[in-house]
Every structure is written in C-alpha cells, then in structure tokens.
Amino acid sequence: GMSGGERRCLLVVLISTRTPAPLATTHARGLTTRGFPQIRIPNMRMANGPRCNNMMMRAGDSAAAGDRVKLHFKILSEEGEEISTTTGPEGDGEPIRFTTGQNAMMPGIENNVIGMKVGEVKTVKVTPDEAFGQPSEENIIKVPTDKLPEGVQIGSVLRMGTQGFPVRVTDLGETEATLDMNHPLAGKNLQFELTLVEAEEAPPGLKELEIETAVAGDGTTFPKPGDLVTVHYTGSLFENGQKFDSSRDRGEPFSFTIGVGQVIKGWDEGVGQMSKGQRATLKIPSELGYGQMGAGSVIPPGSDLVFDVELIDIKSQ
C-alpha cells in the first residue's frame, strides 16, 4: 500500500549503501542530494565569470597534477563506435569538472589528462581496469519486488543512489527481483576521446573545519548523536561566495538527525559543537562536504563550503 514515490525512496536507500565506484556522471543528480536529504538544490549554472578572472587561466599551457580541469569526454567501443559523450546529442552538454590527482575519475581519464594542452584532443585505448572495472557477482543483488517502482519489467534500467547510478532489472519474480549493479561497460576494452577545455590552478583550500561564532548560544544545551536538531542556514562556496542554498530564503527551518551521517560530515561535526541559540559560520573543507563528486551543477568537485548556521532547537528522539 505504498505510493511509487515511497517505494522509490526505500529502494534508493537500499541500494545507495552499495553504490559502486563513482563514474564520470555528467547529469545533475535527479534525486535530492546526499548531504541534505530533504533539499533539492536548484539546477542552476555556475557563474563562471568572476571565478575565472581571479584564477590563473592557462590556455595553451598543459594540465598538471592538482589542477582544476574541464574536460569533454567521449566513450567509444574498442572498434571506435561512439557509445556516449558529454557533449550530448545537441552538442551543448556540460564538460565534466574535477581536480586532477585526487582519483576523482577513472584511471583512463586521470592518467591521460595530465600533460594535455588546453584545446588538445586525445584518443586513448583503455582496459577494463582503467575504465569501468570487471563485472562482479557481488554487484548482482536480490531485493523484494514490492520495493521496486511500479511498471518495472525485466530489462528496465533504474537510477539508484546519490549518483543516479544505472541498475538493470535482470529477473522479476512475485516476491523477489534480481538487480545487476555492474556497469553495462564493465569488462570491456574501450577508447576514450578526451578534449581539454580548461585547466587552472586550484585555489588554496581549507585544511580543517573552522567555526566562527556570531551569536553565542546558551553554552549548556549541546546536541548528542541521534538528537533531532532544527537549524536555519545559508550555504555558499568558499572560493567566490556564491550562494547555492538557503533555508532562510524558503522561510522554513531544516531539521535532521545529528551524528548519524544524514548530512555532510562538516555539519555533523560543526553543528555538534554548537549550543542551542548559537549562530555561527562553519567553514567546511571539501572532504567534509561533497568531496570530489560535488553536487549537481551548483557545487563543483573539490569545493570548500561556508554555512551560516543558527541552531534553533534540539530534541531527544
């Protein structure tokens, strides 16, 4: 007696605990983001103007380890037939963005982009280990059929987890269904065509979580793991101050269970050190935020974050 939406939620939770290694996904996440389960970050374009002006744009120069790069990326079969491309069918797709040298991408991308010049196009042959890995029996799982969205058939592809990871339905019984979480290209030799669009030195980042108090709290009522906390917050990028989300703009505070991984680590750790009534700025390094995956199109990979957070209420559950 569950709605399709409820079923989908359950399934996402079920499967995202076993999401395989991150792929170079280019679509914005269709689901709510990992960090804030209830919040849909609007799919807006990054304002590239000011960001590029205070960077060293190195056109004509080559990509070095630790650079932030933009790359168009085409997957071809071993024989050279196109399978997919970031440019999209209309030719207006967004390039992928990542910081080199941090294993954010498949080795076939990571290892080959270093040394490329901006504007250069390079085609490389890649083995499964440099691409989508080998298929594994562990990635074939059984789930209760009633947890699948309505209308699913054998051969249906479902999008799972925070990355919208494609999962194929390979068997469908009355009570139990089999899902293959192996990537469709696992085990295949491929070619990658890489086009380096941009390379710039990444700005110096935050080394650790910083908390700056604007308004003192009561100093005695602190949240414990498992408590339900209610906050108002505004989130922006550390690098350029661009706001990407705000509960204040929506006019309703945000509640979450603290200390159980429901939100990004920087929130669990930062809000956990605040007392009731406190308002503080949390400066969060990317590894305590969205890391090398970023979030949709609004938080680029490797972004440090700044949150203005007010701790409104704490309830034991």
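Residues numbered from 1 in each chain as written. Predicted model: local features only at pLDDT ≥ 70, side-chain atom pairs only at ≥ 80, totals over all residues. Heavy atoms only, no water.

> Which residues make up the overall build of the protein chain, and what values do they have?
Helix and strand counts for the protein chain come out as 5 helices and 15 strands. In the protein chain, buried positions account for 45% of the 317 residues. Summarising the internal contacts of the protein chain: among those between residues at least 6 apart in sequence, 72% fall at separations of at least 24. Accessible area of the protein chain: about 15,500 Å², with a carbon and sulfur share of 49%. (Helix = DSSP H or I, 4+ residues; strand = E, 2+ residues; numbered from the N terminus. Buried < 20%, exposed > 50% of the residue type's maximum accessible area, 1.4 Å probe, protein only. Contact = heavy atoms within 4.5 Å. Areas by Shrake-Rupley, 256 points an atom, 1.4 Å probe, with all protein chains shown as cover.)

> Residues and numbers for the pattern of salt bridges, please.
Taken as a whole, this structure holds 13 salt bridges when the rule is applied. For lysine 74, the salt bridge goes to glutamate 193, with nearest N and O atoms at 3.7 Å. With lysine 74 in strand 1 (residues 67–77) and glutamate 193 in strand 9 (residues 190–201), the pair connects residues that are 119 residues apart, well separated along the chain. The class for glutamate 193 is partly exposed, based on a relative accessible area of 21%. Salt-bridge contacts for aspartate 180 lead to arginine 168; the nearest nitrogen and oxygen are separated by 3.4 Å. (Salt bridge = Lys/Arg side-chain N within 4 Å of Asp/Glu carboxyl O.)

> Please provide a residue-by-residue account of the nonpolar core, values included.
Counting 27 residues, the largest nonpolar core has Val231, Phe256, Trp267, Val271, Ile284, Leu305 and Phe307 as its most contacted members. Ranked by residues supplied to this core, first place goes to strand 15 (residues 305–315) with 5 residues. The contact partners of leucine 305, leaving out residues within four places of it in the chain, are Leu206, Ser236, Leu237, Phe238, Phe244, Ile264, Leu282, Lys283, Ile284, Gly289, Tyr290 and Ile299. Among the nonpolar cores identified, the runner-up in size contains 23 residues, and Val69, Phe98, Ala104 and Leu194 belong to it. (Core = buried A, V, L, I, M, F, W, Y, C linked by side-chain atoms within 4.5 Å.)

> With reference to specific residues and values, describe the pairing of strand 14 (residues 279–284).
As defined by bridge partners, strand 10 (residues 210–215) adjoins strand 14 across 5 bridges and the pair is classed as antiparallel. The residue bridging glutamate 210 from the neighbouring strand is lysine 283, located in strand 14. (Pairing = 2+ DSSP bridges.)

> A description of the packing of aromatic side chains should follow, citing residues and the corresponding values.
Counted under the stated rule, the structure contains 9 aromatic pairs. Between phenylalanine 244 and phenylalanine 307, the ring centres sit 5.7 Å apart and the planes meet at 90°, which makes this aromatic pair edge-to-face. Of this pair, phenylalanine 244 sits in strand 12 (residues 243–246) while phenylalanine 307 sits in strand 15; the two residues are 63 residues apart in sequence, bridging distant segments of the chain. Taken individually, phenylalanine 244 and phenylalanine 307 each receive the classification buried, so the pair is uniform in this respect. Aromatic rings pair up to connect Tyr233, Phe244, Phe254, Phe256, Trp267 and Phe307 into one cluster. (Phe/Tyr/Trp six-rings, centres within 6.5 Å; stacked < 30°, edge-to-face > 60°.)

> Account for the pairing of strand 15, with residues named and values stated.
Here 10 bridges tie strand 11 (residues 228–237) to strand 15, and the two strands are oriented antiparallel to one another. Paired with glycine 235 across the two strands is phenylalanine 307, which belongs to strand 15. By the bridge criterion, 6 bridges tie strand 14 to strand 15 in an arrangement that is antiparallel. Across the sheet, residue threonine 281 finds its bridge partner in strand 15, namely aspartate 308.

> Kindly report on the side chain of threonine 100, identifying the contributing residues and their values.
Tracing the backbone through its elements, the reader meets threonine 100 in the loop between strand 3 (96–99) and helix 3 (107–113). Classification of threonine 100 by relative accessible area gives buried; the value is 1%. In terms of polar contacts, threonine 100 uses its side chain to reach the backbone amide nitrogen of glycine 66, at 2.8 Å. Among residues more than four places away in sequence, those in contact with threonine 100 are Ala64, Ala65, Gly66, Asp67, Val69, Glu110, Val113 and Ile114. (Polar contact = N/O pair within 3.5 Å; in protein donor to acceptor, adjacent residues only side chain to side chain.)

> For the environment of alanine 280, give the residues involved together with the corresponding values.
Checked against the element boundaries, alanine 280 lands in strand 14. Separated by 69 residues in sequence, alanine 280 and isoleucine 211 place their C-alpha atoms 6.5 Å apart. Excluding residues within four positions of it along the chain, alanine 280 makes contact with Ile211, Glu212, Thr213, Ala214, Met274, Phe307, Asp308 and Val309.

> Please provide a residue-by-residue account of the environment of histidine 72, values included.
With respect to the helices, strands and loops of the structure, histidine 72 is situated in strand 1. Separated by 13 residues in the primary sequence, histidine 72 and threonine 85 have C-alpha atoms spaced 7.6 Å apart. In contact with histidine 72, not counting residues within four places along its chain, are Thr86, Thr87, Gly93, Glu94, Pro95, Glu193, Leu194, Thr195 and Val197. Engagement of the side chain of histidine 72 in a polar contact is seen with the side chain of threonine 86, the distance being 2.7 Å.

> Outline the environment of proline 166, supporting the account with residue identities and numerical values.
Mapped onto the secondary structure, proline 166 falls in strand 7 (residues 165–172). When the C-alpha positions of proline 166 and asparagine 182 are compared, they lie 8.7 Å apart, and in sequence the two are 16 residues distant. Among residues more than four places away in sequence, those in contact with proline 166 are Val157, Leu158 and Arg159.

> Summarise the confidence of the model for the protein chain; cite the residues concerned and give the values.
When pLDDT is averaged along the protein chain, the result is 80, and 79% of the positions lie at 70 or above. Here residues 1–59 is a poorly scored stretch, pLDDT under 50, and it has 140 contacts once near neighbours within four places are set aside; other chains count. (pLDDT = per-residue confidence, 0-100.)

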